Amino acid sequence: MSSGSGIDVRYVARLARLDLTEEEATLYQRQLDRLLEHVESLQRLDVGRVAPTAQVVPLTNVLRDDVTCPSLDRAQAMAGAPAREGAFFRVSRIIEEQE
Amino acid sequence: MSALYQRSATQIAAAVNAREVSAVEVLGAHMARIERVEPSIGAFLSLTADLAREQARRVDEAVAAGKRLPLAGVPVAVKDNMCLQGTVTTAGSKILAGWVAPYTATAVARLLEAGCLPVGKANLDEFAMGSSCENSALGVTRNPWDTDRVPGGSSGGSVAAVAAGEAALATASDTGGSIREPAAFCGVVGMKPTYGRISRYGLIAFASSLDQIGPIARTVEDAAAMYGVMAGHDPMDATSLPRPVEPTLPALRTDLRGLRVGLVREFDTKDLGEEIDAAYRRAYAQLAALGAEIVDVALPHAEYGLATYYLIAPAEASSNLARFDGVRYGLRVDGANVQEMYGKTRAAGFGPEVKRRILIGTYALSSGYYDAYYVRAQKARTLTAGDFERAFAACDLIACPAASSPAFEFGAKSDDPVSMYLMDYYTIPMSLAGLPALSVPCGFVRDGSPGGRELPLGLQLVAPLYEEARLFAAAHAYEQATRYTLDRQPPVVESVR
């Protein structure tokens, strides 16, 4: 595995959209370094000619017939929304206005 | 006959179908038991008494009309990562606190159709990530055999409820051992089927290539009956196996003649301590006494199981948990813009273990590390599956411990995540290989302290893919010959009100 680089907890947290406090960043840095040490053992395995396994049963590309089926109605589907506006989930602005 | 809450699911269903007792009476006995023991156990995050009463009346009407239901009037605890329409479903997380499920999981719906009464939603480690139930953000569950100890996890509420007589059955889910380890800790039967055997529609996802729903019960026969109801193809889950389910109940046996049971060379129990080592040796000797031929098998890649799992499972979890973004359901913490809202919502909503796993998973999938970590782990997974394939050429079942110790005390492993992860050493390889496996009680050990309690141990049996019937058959024979928990209840203290 990419030797010596280690995990940059702050960068990874940004990728994961997860704010961390100073204390959390320090704690997770230590704990994740230790976990990475542990998984380093996989480096010893010779997997040069081994195919990866995503899951173990022989099922791929499972499709259903293209027919209309009953599903949740809008009111049920939106009942747990933190904020709504009419038939939409409301969120704060994503695209900034042009200056 | 014993009190209603002590009866097996099979006994309850027979009595309700024969109209010797009503589902409403069965429910009453269990709700009273819950009221008395819940203060010391804490198995449930919420009770669903109204729903259960309604269902009990329906069951009694159906039976009165001449219908027979396989699990008529059997109280069931539903692990709180499974949807039950109209009930609060939290996955043990603050990010879903108060969220009401708009539909019912297929496995749960099948139990209701079979006559089960849903008494409540059982506690779990947050998003099923943990081995002690201590990672639940919403409640503490105690082990009925010793309330100073954890019930195991992640299905801690499910096993505690069944062990304490609060429900005859419970649903559970297993990703790396979350059914088998807690079943061992609480002296009940817990079974993880072949990957894809039971529909996961309505199960809140943790690691999708590993997650599997299974039954918790006090007897192997009950677990087999519950499995039979839940198993089978479901078009709502694309990973559900489109193959027939072999009947398990007619296959139950009382001996093991003609079966070859493999003992895993790499799983020597000597290091687990004298008492535990002796207990497992006794268990293996009992299998031989029942007629099994004991053979030696090897799982040379077992030692890499934990490392493989702790890359694959967090990677998948980090992807699955991306949906908790404060937009469509669950908690939202407002921010100046949507990015800030995501970061704050997830910081406030997820607990420490979930954050750890999101971070390690995001790292393992990130650009530049994907091949070195995630793909390498997937290749190691192929080697683990290959180990089992070779082992099962020489044996019909594998026997080994379900956990490396009995239940431990609260806080004993909280400081070091890796020591907690090691609890799953014996269960992870089977999960990586998608195999059916169960834990059945195999004795008790003293906790070592003066006047200390006796704590249950679990024997894990493992079968090749799709051979659930063989697994139940052998476990039944072992259970009937040993009866460790059949004639003995945990020393739960009832509170007098």
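Residue indices begin from 1 for each chain and proceed along its sequence in written order. As a convention, the first chain written is A and the first ligand written is 1, with the rest following in written order. Under the rules for a predicted model, residues below a pLDDT of 70 receive no local features and side-chain atom pairs below 80 are neither given nor counted, while totals for whole chains, interfaces and linings still include all residues.

### Points about the overall build of chain B
Logical step 1: The way it works is that DSSP assigns letters per residue, a run of H or I at least four long becomes a helix, a run of E at least two long becomes a strand, and they are numbered from the N terminus. In terms of regular secondary structure, chain B is built from 15 helices and 11 strands.
Logical step 2: The globule rule is 2.2 Å times the number of residues to the power 0.38, and the radius of gyration it is compared with is taken over C-alpha atoms. Taking 497 residues into account, the globule formula puts the C-alpha radius of gyration at 23 Å, and chain B, at 21 Å, falls close to it.
Logical step 3: Expressed as lengths along the three principal axes of its C-alpha atoms, the size of chain B is roughly 65 × 55 × 50 Å.
Logical step 4: To sort residues by burial, count the other C-beta atoms lying within 10 Å of each one's C-beta; a count of 20 or more means buried, 12 or fewer means exposed, and anything in between means partly exposed. C-beta atoms are built from the backbone. Across the 497 residues in chain B, those meeting the buried criterion constitute 63%.
Logical step 5: Expressed as a percentage of contacts within chain B between residues at least 6 apart in sequence, the contacts between residues at least 24 apart total 76%. This entry defines residue contacts through backbone-placed C-beta atoms, with two residues in contact when those atoms are within 7 Å.

### Quick word on the overall build of chain A
Logical step 1: Counting secondary structure elements, chain A contains 3 helices and 2 strands.
Logical step 2: Moving toward the C terminus, one meets the helices and strands of chain A in the order α-α-α-β-β.
Logical step 3: Scaling as 2.2 N^0.38, a compact globule of 99 residues should have a C-alpha radius of gyration of about 13 Å, whereas chain A reaches 23 Å, well beyond that.
Logical step 4: Seen through its principal axes, chain A has C-alpha atoms that stretch 55 × 50 × 30 Å.
Logical step 5: Looking at chain A residue by residue over its 99 residues, the buried ones come to 13%.

### Section: the sheet that holds strand β2 (residues 75-79) of chain B
All names here are of chain B.
Logical step 1: Being paired, for any two strands, means DSSP has found at least two bridges between them. Read across the open sheet, the 11 strands follow the order β1-β3-β2-β4-β6-β5-β10-β11-β9-β7-β8; overall the sheet is mixed. The open sheet has two free edges, formed respectively by β1 (44-47) and β8 (293-297), since each of these has just one partner strand. On average, adjacent strands in this sheet sit at an angle of 30° to one another, irrespective of strand direction.
Logical step 2: To get an axis, fit a line to the C-alpha atoms, keeping to the stretch in contact for a helix; angles then go from 0 to 180 degrees between the N-to-C directions. Strands in contact with helix α12 (residues 370-394) are β7 (260-264), β8 and β9 (397-401); relative to β8, the strand with the most contacts, it is inclined by about 150°.

### Structural notes on the pairing of β2 of chain B
Every other side chain in a regular strand lies on the same face of the sheet, so the side chains alternate between the two faces.
Residue and element names in this part refer to chain B.
Logical step 1: Taking burial as the measure, the 5 residues of β2 include 5 buried ones, the bulk of the element.
Logical step 2: Residues of β2 alternate between two faces, with Pro75, Ala77 and Lys79 on one and Val76 and Val78 on the opposite face, all of them buried.
Logical step 3: Bridge analysis of β2 against strand β3 (residues 117-122) gives 5 bridges, and the strand direction is parallel. Bridge assignment links Lys79 to a residue of β3, and that residue is Ala122.
Logical step 4: Viewed with both strands pointing away, a crossover whose connecting path from the first strand over the helix to the second turns clockwise is right-handed. What joins β2 to β3 is helix α4 (residues 106-113), and the crossover it makes is right-handed.
Logical step 5: In terms of strand pairing, β2 meets strand β4 (residues 169-174) through 2 bridges, oriented parallel. Counted as the bridge partner of Ala77 is Ala170 from β4.

### A few points about helix α15 (residues 468-482) of chain B
Residue and element names in this part refer to chain B.
Logical step 1: By definition here, a helix of n residues has an expected span of 1.5 Å times n minus one. If you check α15, its first and last C-alpha atoms are 21 Å apart, about what 15 residues at 1.5 Å a residue would give, namely 21 Å.
Logical step 2: Those residues of α15 that are buried are in contact with α7 (220-230), α8 (274-289), β9, β10 (437-446) and β11 (454-462).
Logical step 3: A positive phi of about 55° marks Arg483, the residue just after α15.

### So, the packing of α7 of chain B against α15 of chain B
All names here are of chain B.
Logical step 1: Across the interface, α7 lies against α15 with an axial gap of 9 Å and an inter-helix angle of 160°. It follows that α7 is roughly antiparallel to α15 by the angle criterion. Here α7 and α15 pass one another in a crossing that is left-handed. Residues Val220, Glu221, Ala224 and Tyr227 of α7 form the contact with α15, whose participating residues are Glu468, Phe472, Ala475, His476 and Glu479.
Logical step 2: Tallied by class, residues from the contact of α7 with α15 come to 5 nonpolar, 1 polar and 3 charged. Each angle receives one of four descriptions, namely roughly parallel if under 35 degrees, roughly antiparallel if over 145, roughly perpendicular if within 65 to 115, and oblique otherwise. Left-handed is the label given to a crossing in which the near helix is rotated counterclockwise from the far helix by less than a right angle, and right-handed is the label when the rotation is clockwise. Note on residue categories: nonpolar means Ala, Val, Leu, Ile, Met, Phe, Trp, Tyr, Cys or Pro, charged means Asp, Glu, Lys or Arg, and polar means any other residue, Gly included.

### A word on the interface of chain A and chain B
Logical step 1: Residue-level contacts link 46 residues of chain A with 59 residues of chain B.
Logical step 2: If you list the elements that add at least two residues to the side of chain A that touches chain B, you get α1 (9-15), α2 (22-39) and α3 (74-78) of chain A.
Logical step 3: Counting residues per element, the side of chain A that touches chain B draws most heavily on α2 of chain A, which supplies 7 residues.
Logical step 4: When its residues are assigned to classes, the side of chain A that touches chain B shows 32 nonpolar, 9 polar and 5 charged.

### Details of the environment of Pro235 of chain B
Logical step 1: Tracing the chain through its elements places Pro235 of chain B in the loop between α7 and β7.
Logical step 2: Once the C-alpha coordinates of Pro235 of chain B and Ser199 of chain B are considered, the two residues, 36 residues apart in sequence, prove to be 8.7 Å apart.

### Quick look at the confidence of the model for chain B
Logical step 1: Each residue carries a pLDDT value, the predictor's own confidence for that position, ranging from 0 to 100. Averaged over every residue, the pLDDT of chain B is 96; the share at 70 or more is 99%.
Logical step 2: We note a pTM of 0.96 for the whole complex and an ipTM of 0.92 for its interfaces.

### What to know about the nonpolar core
Logical step 1: A set of buried Ala, Val, Leu, Ile, Met, Phe, Trp, Tyr and Cys residues, joined to one another through C-beta atoms within 7 Å, is what we call a nonpolar core. Leu71, Val74, Val76, Ala77, Val162, Leu169 and Leu461 of chain B are the most contacted members of the largest nonpolar core, which has 185 residues in total.
Logical step 2: In this structure, Val74 of chain B is in contact with Ala9, Ile12, Ala13, Gly115, Cys116, Leu117, Ala168 and Leu169 of chain B, ignoring residues within four places of it in sequence.

### Notes on unusual backbone geometry
Logical step 1: Cis rather than trans, the peptide bond between Gly153 of chain B and Ser154 of chain B has omega equal to 10°.
Logical step 2: Positionally, Ser154 of chain B belongs in the loop between β3 and α5 (156-163).
Logical step 3: Backbone geometry places Asn61 of chain A, a non-glycine residue, at a positive phi of 45°.
Logical step 4: Within the secondary structure layout, Asn61 of chain A lies in the loop between α2 and α3.
Logical step 5: Asn61 of chain A gets classed as exposed once you count the C-beta atoms within 10 Å, which come to 5.
Logical step 6: Although it is not a glycine, Cys133 of chain B sits at a positive phi angle of roughly 75°.
Logical step 7: Position of Cys133 of chain B among the secondary structure elements: in the loop between β3 and α5.
Logical step 8: Residue classification places Cys133 of chain B among the buried residues on the basis of 34 C-beta atoms within 10 Å.

### Details of the packing of α2 of chain A against helix α11 (residues 352-365) of chain B
Logical step 1: It is at 11 Å that the axes of α2 of chain A and α11 of chain B come closest, and there the two elements cross at 55°. Of the possible angle classes, the one that applies to α2 of chain A and α11 of chain B is oblique. In terms of crossing hand, the pair formed by α2 of chain A and α11 of chain B is right-handed. Where α2 of chain A abuts α11 of chain B, its residues Tyr28, Gln31, Leu32 and Leu35 of chain A lie against Arg356, Leu359 and Ile360 of chain B.
Logical step 2: The class makeup of the residues in the contact of α2 of chain A with α11 of chain B is 5 nonpolar, 1 polar and 1 charged.

### Section: the confidence of the model for chain A
Note: predicted coordinates in regions of low pLDDT should not be interpreted at a detailed level.
Logical step 1: Overall, the prediction assigns chain A a mean pLDDT of 88, with 92% of residues at 70 or greater.
Logical step 2: By mean pLDDT, α3 of chain A is the weakest element of chain A at 92, and α1 of chain A is the strongest at 97.

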